[in-house]
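An overview of the molecular structure
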Amino acid sequence: MDLGTSAVKVSAVDRNGNIVAQQSFDYELSNPKPGYSEQNPEDWVSGTTVAIVRLILKDGIKPEEIEGISYSGQMHGLVLLDENNQVLRPAILWNDTRTTKQREEILETMGDEYINITRNQPLEGFTLPKILWVKENEPNIFAKAKTFLLPKDYLRYRMTGKIQMEYSDAAGTVLLDVAKKQWSETICNKFGIPVSMCPPLIESIGYAGNISESYSLFSGMSTSTKVFGGAADNAAGAVGSGILAPNMVMASIGTSGVVLKYEDNSDVDYQGKLHFFNHAIPDKFYTMGVTLAAGYSLSWLKKTFGPNEDFTSFVSTAGDSTVGANGLIFTPYIVGERTPHADADIRGSFIGVDGTDKRSDFVRAVLEGIIYSFADIMDIFEEKGQDFDTVVSIGGGAKSPLWLQIQADIFNRKVVSLKNEQGPGMGAAMLAAVGLGWFDTVQDCAKEFVHFGKVYEPDAENVKKYREMHQIYKQVYEATKDVSHQLLDYRRKY
Ligand SMILES: Nc1ncnc2c1ncn2[C@@H]1O[C@H](COP(=O)(O)OP(=O)(O)O)[C@@H](O)[C@H]1O
Ligand SMILES: O=C(CO)[C@@H](O)[C@H](O)COP(=O)(O)O
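Since the structure is predicted, the reported quantities are computational estimates derived from the model, not experimental observations.

Let's talk about the overall build of the protein chain
- A tally of helices and strands in the protein chain yields 17 helices and 25 strands.
- A principal-axis box enclosing the C-alpha atoms of the protein chain has dimensions of 65 × 50 × 45 Å.
- Counting across all 494 residues of the protein chain, residues that qualify as buried make up 59%.
- The long-range share in the protein chain, meaning contacts at least 24 apart out of those at least 6 apart in sequence, stands at 73%.
- Distance between charge centres in the protein chain, computed from 48 positive and 63 negative side chains, equals 2 Å.

Shown next as structure tokens:
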């Protein structure tokens, strides 16, 4: 089960890692105010159930043949439950940035001690600032809250009846002592959160329970199906794309964008500049940086300027422009940014618009701007002396060969796509396969399940041009920050 931001995708995978059937279901994102982003947890459950029912009825998958299931889930979203495990308010999602005040309070109260425990900055998108926002702004709801879950952990609860949170996602709450793999009582006590609110923790490959009687009646699934912990979408994506050694980096273009590196132990220290979380592989870790609006920037452009066109042909018009989009730069900060600029109030810009520019230049500038922002994240790895030679590209953005080549040229590294573009969903299936004992380790499973596709090599001439453009791109944040903040104030005022 791949519980994304825009849709849930359910795949049936056999013992050889072949996807034998797949169904998906889209759901709404609600933006009641600028910076707010919410979803109704019931939509995740009903969407998933519709997809499962279609898998059974349309694709002929027999429920008793489904041996195990596991999950990949959008991270950080806060689902608050009362004493009867009823949802208390809409889930506040990873891309909701209402919590700047709470983020500042956390840092003022704990400073470096906080980063030492969680190994992360308390950014707006993470879960603890969201809990504190509810505590401060909706005290009646907070008073009723008995526990909290993350999106895929809530979905798993509804399928098994068991309340648990899995480690790779728990790390993204920034309430976890990441290296010790325990809830931080120090942080809970400092911010008045009862430790009892934090759910029991389980491993990604850990057995969570079987499908419950009630979910079996609701969905047609069998109670003999075993359910496993699953992982945060980025950890699952890393597993599904074979990022299991330090020489490889994943570049994921989903709604958000992620550059992720596998870490063998918790010794690396980026002082909170990058996120550092527990991996889906027991006792391993990963570092990542996030571009908040990656695929979202492109989807926004298409929705606004080419609503009736096919997505693939809209993207391919970028081929009519040139390397560097004829001197046009786009910064993808259209919902704020996380890495390298942790700034919820920055907004995007097109810089260098010329009277001769065509729509294709704008499309190309958006594709390139997103990848310059990924290159900014890679620069942080390089500053720390971390080296890698291969980038595995996943997510909806990896459907475009042109965009894959742009990645190779901007990263100046070989970029590999997957044969079957199903990173997070395949990762979830692999976690179930290991949990079931089909394989001893995630690494063993990857040898059977992960198949790389085409390799895109950097083109020396393009690399040179992009290096120049990236240097100009890097200046845009500082140069536009003040103006951009003033414009957002204006937008909020009127
Ligand atoms: N044909 C395509 N070519 C390039 N990018 C695409 C294409 N189709 C979709 N995308 C991009 O993929 C993104 C969705 O990726 P996906 O991995 O499905 O996201 P999520 O898991 O966040 O729902 C969209 O925002 C869009 O920009
Ligand atoms: O917030 C993060 C990672 O920290 C996001 O990556 C979310 O996990 C959502 O992912 P997509 O829906 O874009 O795949």
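Resuming the write-up.
Let's talk about the domain arrangement of the protein chain
- By the assigned domains, the protein chain splits into domain 1 (2-229) and domain 2 (242-494).
- One C-alpha centre belongs to domain 1, the other to domain 2, and the line joining them spans 24 Å.
- Across the contact, 44 residues belong to domain 1 and 41 residues belong to domain 2.
- Interface area for domain 1 against domain 2, summed over the two sides, is near 3,600 Å², with a carbon-plus-sulfur share of 61%.
- For the domain 1 face of the interface with domain 2, the top three residues by lost area are Trp94, Arg119 and Ile205, together amounting to 18%.
- Across the contact surface, domain 1 and domain 2 share one salt bridge.
- The salt bridge partner of lysine 181 is aspartate 283, with a shortest N-O separation of 2.9 Å.
- Elements represented by at least two residues in the side of domain 1 that touches domain 2 include exactly strand E2 (7-13), strand E3 (19-26), strand E5 (68-69), helix H2 (100-110), helix H3 (112-118), helix H7 (167-170) and strand E15 (226-228).
- Here the side of domain 1 that touches domain 2 is composed, by residue class, of 16 nonpolar, 17 polar and 11 charged.

A closer look at helix H4 (residues 127-137)
- Among the 11 residues of H4, eight are classified as buried, and the element is accordingly described as predominantly covered.
- Listing the buried residues of H4 in full gives Thr127, Leu128, Pro129, Lys130, Ile131, Leu132, Trp133 and Val134.

Observations regarding the packing of helix H14 (residues 401-411) against helix H17 (residues 460-493)
- For the pair H14 and H17, interaxial distance at closest approach is 7 Å and the crossing angle is 70 degrees. Our classification of the angle between H14 and H17 gives roughly perpendicular. Across the interface between the two elements, Ile406, Asp409 and Ile410 of H14 pack against Asn462, Val463 and Tyr466 of H17.
- Split by residue class, the contact of H14 with H17 holds four nonpolar, one polar and one charged.

Focus on the environment of histidine 470
- Secondary-structure assignment places histidine 470 in helix H17.
- Taking C-alpha positions, histidine 470 is 45 Å from phenylalanine 142, a pair spaced 328 residues apart along the chain.
- When near neighbours in sequence (up to four residues on either side) are disregarded, histidine 470 contacts Tyr372, Ala375, Asp376 and Asp379.
- Engagement of the side chain of histidine 470 in a polar contact is seen with the side chain of aspartate 376, the distance being 2.7 Å.

Details of the packing of helix H13 (residues 359-383) against H17
- For the pair H13 and H17, the least separation of the axes is 10 Å and the interaxial angle reads 80 degrees. One finds that H13 runs roughly perpendicular with respect to H17. Facing H13, whose interface residues are Arg364, Glu368, Gly369, Tyr372, Ser373, Ala375, Asp376 and Asp379, H17 presents Tyr466, Met469, His470, Tyr473 and Lys474.
- Taken together, the residues that form the contact of H13 with H17 break down as five nonpolar, three polar and five charged.

Here's the deal with the site of ligand 1
- Close contacts around ligand 1 come from 18 residues, with Ser6, Thr255, Gly295, Ser299 and Gly396 the closest.
- Contact distances for ligand 1 include 2.6 Å between an oxygen atom and a side-chain N or O atom of threonine 255.
- A distance of 2.9 Å separates an oxygen atom of ligand 1 from a polar atom in the side chain of serine 299.
- For ligand 1, whose accessible area on its own is 590 Å², the fraction buried by protein is 79%.
- At the level of secondary structure, the elements contributing two or more residues to the shell around ligand 1 comprise helix H11 (295-305) and helix H12 (311-316).
- Of the residues belonging to the shell around ligand 1, the class tally is six nonpolar, 11 polar and one charged.

A closer look at the nonpolar core
- Among the nonpolar cores identified, the biggest contains 152 residues, and Leu128, Phe148 and Met159 are the most heavily contacted of them.
- In terms of residue count, H13 provides more of this core than any other element does, 13 residues in total.
- For this core, the two domains that each supply at least three residues are domain 1 (2-229) and domain 2 (242-494).

Focus: the side chain of glutamate 337
- Mapping glutamate 337 onto the fold places it in the loop between strand E21 (329-331) and strand E22 (349-351).
- Although buried, glutamate 337 forms no salt bridge, and the nearest oppositely charged side chain, arginine 338, lies 6.9 Å from it.
- From its side chain, glutamate 337 meets the backbone nitrogen of leucine 292 in a polar contact 2.8 Å long.
- Not counting residues within four places of it along the chain, the set of residues in contact with glutamate 337 comprises Val290, Thr291, Leu292, Ala342, Asp343, Ala344, Ile346 and Ser373.

Conventions used here
- Residues numbered from 1 in each chain as written.
- Chains lettered and ligands numbered in written order.
- Predicted model: local features only at pLDDT ≥ 70, side-chain atom pairs only at ≥ 80, totals over all residues.
- Heavy atoms only, no water.
- Helix = DSSP H or I, 4+ residues; strand = E, 2+ residues; numbered from the N terminus.
- Buried < 20%, exposed > 50% of the residue type's maximum accessible area, 1.4 Å probe, protein only.
- Contact = heavy atoms within 4.5 Å.
- Lys, Arg positive; Asp, Glu negative; His and termini not counted.
- Charge placed at Lys NZ, Arg CZ, Asp CG, Glu CD.
- Domains from an automatic or database assignment.
- Buried area = accessible area lost by both parts, 1.4 Å probe.
- Salt bridge = Lys/Arg side-chain N within 4 Å of Asp/Glu carboxyl O.
- Nonpolar A, V, L, I, M, F, W, Y, C, P; charged D, E, K, R; others polar.
- Axes fitted to C-alpha atoms, helices over the stretch in contact; angles between N-to-C directions.
- Parallel < 35°, antiparallel > 145°, perpendicular 65-115°, else oblique.
- Polar contact = N/O pair within 3.5 Å; in protein donor to acceptor, adjacent residues only side chain to side chain.
- Near = heavy atom within 4 Å.
- Areas by Shrake-Rupley, 256 points an atom, 1.4 Å probe, with all protein chains shown as cover.
- Core = buried A, V, L, I, M, F, W, Y, C linked by side-chain atoms within 4.5 Å.

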